[in-house]
Amino acid sequence: MGSHPLPEPTTVAGREGLTALLERPASAVVGLDFDGTLAEIVPDPDRARAHPGAVPALSRLAPMLRSVAVITGRPARVAVEYGGFAGVGELAGLVVLGAYGAERWEAADGALTSPEPPPGVAAVKAELPDVLEAHGGERGLWTEDKGRAVAVHTRRAEDPRAAFERLRAPLYALAERHGLIVEPGRLVLELRPPGMDKGVALTDHIRATGADTVLYAGDDLGDLAAFAAVERLRDEGVRGVLVCSGSTEVTELAARADLVVDGPAGVVALLNALATAATRP
């Protein structure tokens, strides 16, 4: 287990954040995106599963921390199932903030809180097939119903990038008609209600737990809001580490990170290294 060397952040703020986390883990929150960070990106999102080392690594680290928060655009119950987070004693301090924080699952008691989706979501789902048909048809496209949101994946299309660009304008127009926003990602366009993002969810969680240090790891454009939140929290005196789950697809995130690791395997290695190096309570 101790064979994972601890990587060195490339920034002063990142090094300060890492030092604070290792010296006082009980005051720290580790925030993690799911897809692309704990789980590999796969062509069919229903087949995504957490890296096999994720739960063992989190089981080592979580008991030392104030909290672990998995923050995802997926419904919370789906992330819990695909992550294998339920019924693991060492993960009692883990929460899953699903639908960008609108839903919350607590590992301690398995309780799930999930408000009703806004009416615009149902209207968008009803109109979406016609919009897709009008702009090149459904062939190779994958529509994912996320409950409070709906996502169109182009990764399986003949030309994934061209399909993504072709659908961008009509899907933005569809979202706008029904009071939703579009969250673009790695060959996916997600239509969802405004007001919640990973930055809001992370900030609320930091305030609720009273943590003074946060490490956040993500891989996609939706994680930029969480990166920005950590940057704002730093201005308030919270120590922070920004980790990019080494995606060559989203260079913007890598450029802002204090630390870039090699995908979910790199995230798992980092979690293990933190567990080894952190001061035991």
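Look above for the structure.
Residues numbered from 1 in each chain as written. Predicted model: local features only at pLDDT ≥ 70, side-chain atom pairs only at ≥ 80, totals over all residues. Heavy atoms only, no water.

Draft legend 1. Layout of the nonpolar core. One finds Leu38, Phe85, Leu94 and Val96 to be the most contacted residues of the largest nonpolar core, which totals 44 residues. Among the elements that line this core, the one with the most residues is helix H9 (residues 263-277), at six residues. What leucine 38 contacts, discounting residues up to four positions off in sequence, is Leu32, Asp33, Arg49, Ala50, His51, Ala54, Val70, Phe85, Pro264, Val267 and Leu271. The next biggest cluster of nonpolar side chains, apart from the first, holds 22 residues, and it includes Val29, Ile71, Val214 and Leu224. (Core = buried A, V, L, I, M, F, W, Y, C linked by side-chain atoms within 4.5 Å. Buried < 20%, exposed > 50% of the residue type's maximum accessible area, 1.4 Å probe, protein only. Helix = DSSP H or I, 4+ residues; strand = E, 2+ residues; numbered from the N terminus. Contact = heavy atoms within 4.5 Å.)

Draft legend 2. Region of the structure containing the sheet that holds strand S8 (residues 181-185). Read across the sheet, four strands follow the order S6-S7-S9-S8 without closing on themselves; strand pairing throughout is antiparallel. The two strands at the open ends of the sheet, each matched to only one other strand, are strand S6 (142-145) and S8. Averaged over all pairs of adjacent strands, the angle between strand axes in this sheet comes to 20°, irrespective of strand direction. Strands S6, strand S7 (150-153) and strand S9 (188-192) of the sheet are contacted by helix H4 (residues 119-134), whose axis makes an angle of about 20° with S7. Contacts from helix H5 (residues 160-177) reach S7, S8 and S9, with the element oriented near 5° to S9. (Pairing = 2+ DSSP bridges. Axes fitted to C-alpha atoms, helices over the stretch in contact; angles between N-to-C directions.)

Draft legend 3. Region of interest: the side chain of serine 59. Turning to its location among the elements, serine 59 is positioned in helix H2 (residues 54-61). Residues contacting serine 59, with those up to four places away along its chain left out, are Val88, Glu90 and Leu91.

Draft legend 4. Representation of the pairing of strand S10 (residues 213-218). Across the six residues of S10, six count as buried, placing the element largely inside the fold. One ladder, built from five bridges, connects strand S1 (residues 28-32) with S10; its direction is parallel. What sits directly across from alanine 28, in S10, is threonine 213. Alignment of S10 against strand S11 (residues 239-245), held across six bridges, turns out to be parallel. Each bridged residue has a counterpart across the sheet, and for threonine 213 the counterpart in S11 is arginine 239. Of the crossover connections in this fold, the one passing from S10 over helix H7 (residues 224-235) to the parallel S11 is right-handed. (Right-handed = clockwise from strand over helix to strand, strands pointing away.)

Draft legend 5. Fine view of the packing of H4 against H5. Relative orientation of the contacting elements H4 and H5 amounts to 155°, with a least axis distance of 11 Å. Taken together, the axes of H4 and H5 are roughly antiparallel relative to one another. Crossing of H4 over H5 shows right-handed handedness. Contacts between H4 and H5 involve Val124, Glu127, Leu128, Val131 and Leu132 from the first element and Leu167, Pro170, Leu171, Leu174 and Arg177 from the second. Looking at the contact of H4 with H5, its residues break down into eight nonpolar, no polar and two charged. (Parallel < 35°, antiparallel > 145°, perpendicular 65-115°, else oblique. Left-handed = near helix turned anticlockwise from the far one by under 90°. Nonpolar A, V, L, I, M, F, W, Y, C, P; charged D, E, K, R; others polar.)

Draft legend 6. Spotlight on empty space enclosed by the protein. Summed over the entire model, instances satisfying the criterion amount to one cavity of 30 Å³ or more. The volume enclosed by the largest cavity comes to roughly 420 Å³. Lining of the largest cavity is provided by 29 residues; of these, Asp35, Lys146, His153, Val188 and Asp220 occupy positions nearest its centre. Residue assignment for the lining of the largest cavity shows that the elements contributing at least two residues are S8 and S9. (1 Å grid on protein atoms, 1.4 Å probe; cavity = no way out; pocket = protein on both sides within 12 Å on 5 of 7 lines; lining within 4 Å. Points joined across faces, edges and corners; volume = space filled by probe spheres on them.)

Draft legend 7. Quick look at H9. Its 15 residues place the ends of H9 21 Å apart at the C-alpha level, agreeing with the 21 Å of an ideal helix rising 1.5 Å per residue. A large share of H9 lies buried, amounting to 11 of its 15 residues. Within the span of H9, buried status applies to Gly263, Pro264, Gly266, Val267, Val268, Leu270, Leu271, Asn272, Ala273, Leu274 and Ala275. Elements that come into contact with the buried residues of H9 comprise helix H1 (12-23), S1, H2, S10, S11 and strand S12 (259-261). (Expected span 1.5 Å × (residues − 1).)

Draft legend 8. Focus on the sheet that holds strand S4 (residues 103-106). Read from one edge to the other, the open sheet built from eight strands follows the order S5-S4-S3-S2-S1-S10-S11-S12, with strand pairing classed as mixed. Of all the strands in the sheet, just strand S5 (112-113) and S12 have a single pairing partner and so form its edges. With three bridges connecting them, S11 and S12 associate as parallel partners. Of the residues in S12, the one forming a bridge with serine 245 is valine 261. Running over the sheet, helix H6 (residues 198-209) touches S1, strand S2 (67-71), strand S3 (94-98), S4 and S10 and is turned about 165° from S2.

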